[in-house]
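This is what each chain is made of:
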Amino acid sequence: MESNESNTDPGGDHSAIHTRTKTSSFLGRKDSDLKKGKKIGHRRVTDQGTVTYKKTPTSEIQRAIQLGIQHSICTLQQKPVRDVLFRDFEVIETVDFPRSGTKTTPAHALSDFRFRTIAPVAFRSFRDGFQLDIRDYLHSLCSQELRELSNPGASGSIFYITADDEFIIKTVQHKEANFLQKLLPEYYMNLVQHTRTLLPKFYGLHCYQVYQGVSFIVKLIHWF
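Under an unreviewed UniProt entry, the name given to the chain is PIPK domain-containing protein, and the source organism is Hymenolepis diminuta.

It is worth spelling out empty space enclosed by the protein at this point. For the structure on display, the rule yields three cavities of 30 Å³ or more. Taken as a whole, the largest cavity holds about 110 Å³ of empty space. Looking at the largest cavity, it is lined by 13 residues, and the ones nearest its centre are H71, S72, E93, V95 and T117. Ranked by residues supplied to the lining of the largest cavity, first place goes to helix α1 (residues 58-77) with five residues.

Before going further, it helps to spend a moment on the pattern of salt bridges. Inspection of the entire model under this criterion finds five salt bridges. Across the salt bridge formed by E93 and K79, the nearest N and O atoms sit 3.6 Å from each other. A residue pair is termed long-range when its members are at least 10 positions apart, and E93 in strand β7 (residues 91-97) and K79 in the loop between α1 and β7 qualify at 14 residues. Between D133 and R135 there is a salt bridge, with its nearest N and O atoms 3.2 Å apart.

A few words now on α1. Here α1 contains 20 residues, and its C-alpha end-to-end distance of 28 Å stays within 8% of the 28 Å for a straight helix at 1.5 Å per residue. A large share of α1 lies buried, amounting to 14 of its 20 residues.

By volume, the largest pocket amounts to about 270 Å³. Along the wall of the largest pocket there are 13 residues; nearest its centre are F126, G129, F130, L191 and T195. A breakdown of the residues in the lining of the largest pocket according to their chemical character gives five nonpolar, six polar and two charged.

The rules behind the values
Residues numbered from 1 in each chain as written. Predicted model: local features only at pLDDT ≥ 70, side-chain atom pairs only at ≥ 80, totals over all residues. Heavy atoms only, no water. 1 Å grid on protein atoms, 1.4 Å probe; cavity = no way out; pocket = protein on both sides within 12 Å on 5 of 7 lines; lining within 4 Å. Points joined across faces, edges and corners; volume = space filled by probe spheres on them. Helix = DSSP H or I, 4+ residues; strand = E, 2+ residues; numbered from the N terminus. Salt bridge = Lys/Arg side-chain N within 4 Å of Asp/Glu carboxyl O. Expected span 1.5 Å × (residues − 1). Buried < 20%, exposed > 50% of the residue type's maximum accessible area, 1.4 Å probe, protein only. Nonpolar A, V, L, I, M, F, W, Y, C, P; charged D, E, K, R; others polar.

Structure (structure tokens):
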């Protein structure tokens, strides 16, 4: 089932993608350095060594994010490119991913989940403006297993890095995602007027939610 929603607060927590050069401070600790059972923010390492976020294994979150992003991008690529309208910044597309699959989503071995894509047309415009090859983007994010960085930082966020070391996915608080969505019209105008802007390059904003109610947002960013 797919639907569009406007003026919706996606809630939950959020995440981001960066290049590895900006994340050297996160690579110094090993998983064994984290105390089992210790909780930092919503991130916890169980007595068995399983890393969870809001009680959901981060390995399952990773696969769901990859599946949702791939479906979202491929679906959008089938639609004609058009100019960005103001209402595009408020659109939220929602797709359900039941384990059994649907006519538009594949079957999978994960828990049933819902995946929202925020302002898809606007972010496609951003990616095109940054001259991002969408095939390379999907290959980096979805073709291989992501590596989880062991140091979550003081916030307890999750960090994933792509196998080619090009991008990082980071969970962030819902306030940051709400702020970013409100900022999108001004961000768009800045990119139009300053093609060589030094602002961070935002590539996407998504929300992952399991049907039991746990949710957070995936913010895709690439830092040079």
